[in-house]
Amino acid sequence: MTSRIEQLKQDNAQYLWHPMAHPKAMQKTKPDIIVRGEGCWVWDVDGHKMIDGVAGLWSSNLGHSNKPVRDAIVAQLDELPFYNTFRGTSHPRAIELSARIVKMMAADDVASVMFSNGGSDAVEGALKMARQYWKVKGQPERSKFISLRQGYHGVHYGGMSVNGLGNIRRAYEPLLPGCFHVDTPWAYHNPYTEDPIELGKICANLLEREIQFQGADTVAAFIAEPIQGSGGVIVPPPNYWPLVREVCDRHNVLLIADEVVTGFGRSGALFGTRLWGVKADIWCLAKGISSGYVPLGATAFGSKVAEAFLADTTGQATVAHGYTYSGHPVAAAAALATMDEIEKHDVAGNAARVGAHMQQRLAEFERKFGIVGDVRGRGLMTGIEMVSDKARRTPMPRGSDVPQRVAREAYQRGAMVRISGPNMILSPPLVMTLEEVDHLVDILEASFAAVDKAL
Ligand SMILES: Cc1ncc(COP(=O)(O)O)c(C=O)c1O
């Protein structure tokens, strides 16, 4: 007789299509079925316990068993499981959460917020509102978007069109017209310079040249992640974002910060833009906003953008956008409790402290292992790039099984990690302790050593 566990695996292969995977892939490689989580630990369906180096997917920032968040969700289910927030209707949790986020982001000059269901939604809202902003301002020809290569902005048509990862664009072309890409200030892979400050200047200049080439009066916004996450955890030089802000100001182009990953503490600052001392005009938020307990996205607007919409008397600024579940009460309740926890436990501070230790230990891998080319990150987000030729910085080629082999070694030793192309991406819960991080790094060290030795 087929066991329940085997049945689950078989049904998964037969019925469930996974994001970013061939529909047949799970027939050959069974997925890791995760059944339980507690703190920074998860268990798979076979009872195997692992330290969580992924936090669900950059999202379970408070770990998996946060009682206040859980209690807030349950209380909300008892009080009001759902109501909408379309024109003329509202409910307390969405109102409270909007006020809370605006207060939390007062230093960033945020004035208002619009809710949705996740990161792709948050980006879609940002792009649409940026275009509408220029219509409201009487410059409807400002409709183009510029973004960075290697950037990831989700999977809706707008976000996909500004994405800088070729492999997730091709199947769905043609994409949105009017989207253009410029080079990322990527210290490890760039044709320009080894000097990071010089690189920051060059890449900000590339943005300016692209704006000028397109015609500044046709560009609505530049969108980027304060630290690129899915593209391989690419940390820009410290002068890049301040220079980008200057370029955007010079040409009157809106700056959209996609903080879906970096928002709410992951980089060690509460928001990634704060790392660089920059205020955006529009922010995309999700994941850590509700610590992944219930799906939620938000698009936040700086006062310049908000005031333009509020000043409109023609009706042109009516928000013709929104979802049935915009500001879902259960998600909003989870987010409010998440905000309490973030502030009470100084989660961003922990990410900075524990993250610095993690980065320092992982950086030694570059020296220790021939397959590790570059370790980069900030706070509790790290990319470990695997290479086939260290001297030439050649990333492990597509089709190489080396990255997955390292991940499997880690899994067997009790650590959940994620592979994306040649990179191992680490994004543990932000409440992880020093001891837990050491445990994770010890396992990774043994895993890289095992594969390095076998090659
Ligand atoms: C920077 C960034 N933007 C947008 C998204 C899309 O978010 P979601 O998967 O919740 O739609 C992601 C997802 O990882 C992301 O990393």
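Our structure's up above, just so we're on the same page.
These numbers were taken from a predicted model, which means no experiment stands behind them. Each chain carries its own residue numbering, running from 1 in the written order of its sequence. Local features are withheld for residues below a pLDDT of 70 in this predicted model, meaning they are given only at 70 or higher, and side-chain atom pairs are given and counted only at 80 or more; totals for whole chains, interfaces and linings count all residues. Only hydrogens and water are set aside; all other atoms, that is, all heavy atoms of the structure, feed into the side-chain values.

Visitor: A description of the site of the ligand should follow, citing residues and the corresponding values.
Guide: Near residues are defined by distance, with any heavy atom within 4 Å of the molecule or strand qualifying the residue. Every residue close to the ligand is listed here: Gly118, Gly119, Ser120, Tyr152, His153, Gly154, Glu225, Ser230, Asp258, Val260, Val261 and Lys287. In the environment of the ligand, an oxygen atom lies 2.6 Å from a nitrogen or oxygen atom belonging to the side chain of serine 120. The accessible surface values rely on the Shrake-Rupley method and a 1.4 Å probe; as for residues, cover is taken only from the protein chains in view. Within the complex, the protein chains bury 82% of what would otherwise be the 390 Å² of accessible surface of the ligand. For this classification, the nonpolar set comprises Ala, Val, Leu, Ile, Met, Phe, Trp, Tyr, Cys and Pro, the charged set comprises Asp, Glu, Lys and Arg, and every other residue, Gly included, is treated as polar. Counted by class, the shell around the ligand contains three nonpolar, six polar and three charged residues. Under this definition, polar contacts are N or O atom pairs within 3.5 Å; protein pairs additionally need one hydrogen-donor-capable and one acceptor-capable atom, and for neighbouring residues in sequence, both atoms have to be side-chain atoms.

Visitor: So what's going on with the packing of aromatic side chains? Which residues, and what values?
Guide: Pairing of aromatic side chains requires ring centres within 6.5 Å, counting the rings of Phe and Tyr and the six-membered ring of Trp. Pairs whose planes differ by under 30 degrees are stacked, by over 60 edge-to-face, and all others tilted. Here the structure, examined in full by the defined rule, presents six aromatic pairs. Where phenylalanine 82 meets tyrosine 325, the ring centres are 5.1 Å apart and the plane angle is 70°; that geometry is what we call edge-to-face. Linking phenylalanine 82 in the loop between α4 (67-79) and α5 (92-104) with tyrosine 325 in the loop between α11 (303-311) and α12 (329-344), this pair joins segments that are 243 residues apart in sequence. Per-residue accessibility, obtained with a 1.4 Å probe over protein chains only, is compared with the maximum for each type, and a residue is labelled buried under 20%, exposed over 50%, and partly exposed between these values. Overall, the relative accessible area of 29% leaves phenylalanine 82 in the partly exposed class. Runs of E in the DSSP output that reach at least two residues are strands. Runs of H or I that reach at least four are helices, and both are numbered from the N terminus.

Visitor: Give me the lowdown on the nonpolar core, citing residues and values where you can.
Guide: Only buried residues count toward a nonpolar core, which is a set of Ala, Val, Leu, Ile, Met, Phe, Trp, Tyr and Cys residues joined through side-chain atoms within 4.5 Å. Judged by nonpolar contacts, the single largest core of 97 residues is most densely connected at Phe222, Leu285, Phe365, Met424 and Phe448. Of the residues forming this core, the biggest block, nine residues, is contributed by α12. With sequence-adjacent residues up to four places away left out, phenylalanine 365 is seen in contact with Val372, Val375, Ile384, Val441, Leu444, Glu445 and Phe448. Membership of the second largest hydrophobic core comes to 27 residues, among which are Met114, Leu127, Ile223 and Ile282. The contact definition used throughout considers only heavy atoms, calling two residues in contact when any of these lie within 4.5 Å.

Visitor: Tell me what's going on with the state of the cysteines, and back it up with residues and numbers.
Guide: For the purposes of this analysis, a disulfide is any pair of cysteine sulfur atoms at a distance within 2.5 Å. For the coordinates displayed, the defined rule picks out zero disulfides. In this model cysteine 179 remains outside any disulfide bridge; the closest cysteine sulfur is found in cysteine 284, 14 Å from its own. According to the relative accessible area criterion, cysteine 179 is buried, its value standing at 15%.

Visitor: Account for the sheet that holds strand β14 (residues 415-416), with residues named and values stated.
Guide: Should DSSP find at least two bridges between two strands, the strands are taken to pair. Across the sheet, four strands lie side by side as β1-β2-β3-β14; this open sheet has mixed pairing. Of all strands in the sheet, those with a lone pairing partner are β1 (34-38) and β14, marking the two edges. Note that β1 and strand β2 (residues 41-44) share four bridges and pair antiparallel. Opposite glycine 37, over in β2, you have valine 42 as the bridge partner. To define axes, lines are fitted to C-alpha atoms, for helices over the stretch in contact only, and angles between the resulting N-to-C directions are given on a 0 to 180 degree scale. Packing against the sheet, helix α15 (residues 434-454) makes contact with β2, β3 (49-52) and β14, and its axis sits at approximately 110° to β3.

Visitor: Can you break down the packing of helix α14 (residues 402-413) against α15 residue by residue, with the values?
Guide: Where α14 contacts α15, the two axes come as close as 8 Å, and the packing angle between them is 135°. Considering the angle they form, α14 stands oblique to α15. Along this stretch, α14 crosses α15, giving a crossing that reads as right-handed. Counting all contacts with α14, which are made through Val402, Arg405, Val406, Glu409, Ala410 and Arg413, the residues of α15 involved are Ile443, Leu444, Ala446, Ser447, Phe448, Ala450, Val451 and Ala454. Oblique is the label for every angle not falling under 35 degrees (roughly parallel), over 145 degrees (roughly antiparallel), or within 65 to 115 degrees (roughly perpendicular). By definition, turning the near helix anticlockwise from the far helix through less than a right angle yields a left-handed crossing, and turning it clockwise yields a right-handed one.

Visitor: If you had to explain the sheet that holds strand β10 (residues 297-302) to someone new, which residues and values would you point to?
Guide: Pairing within the open sheet is mixed, and its seven strands lie in the order β4-β10-β9-β8-β7-β5-β6. The sheet terminates laterally at β4 (110-116) and β6 (179-182), the two strands that pair on one side only. The mean inter-strand angle of the sheet, taken between neighbouring strand axes irrespective of direction, is 20°. Two elements, strand β7 (residues 219-224) and strand β8 (residues 254-258), share four bridges in a ladder whose sense is parallel. Within the sheet, the bridge partner assigned to phenylalanine 222 lies in β8 and is leucine 255. Those strands touched by α5 are β4 and β9 (282-285), and its axis lies near 135° from that of β4.

The quantities given are spatial measurements derived from coordinates; they are silent on function.
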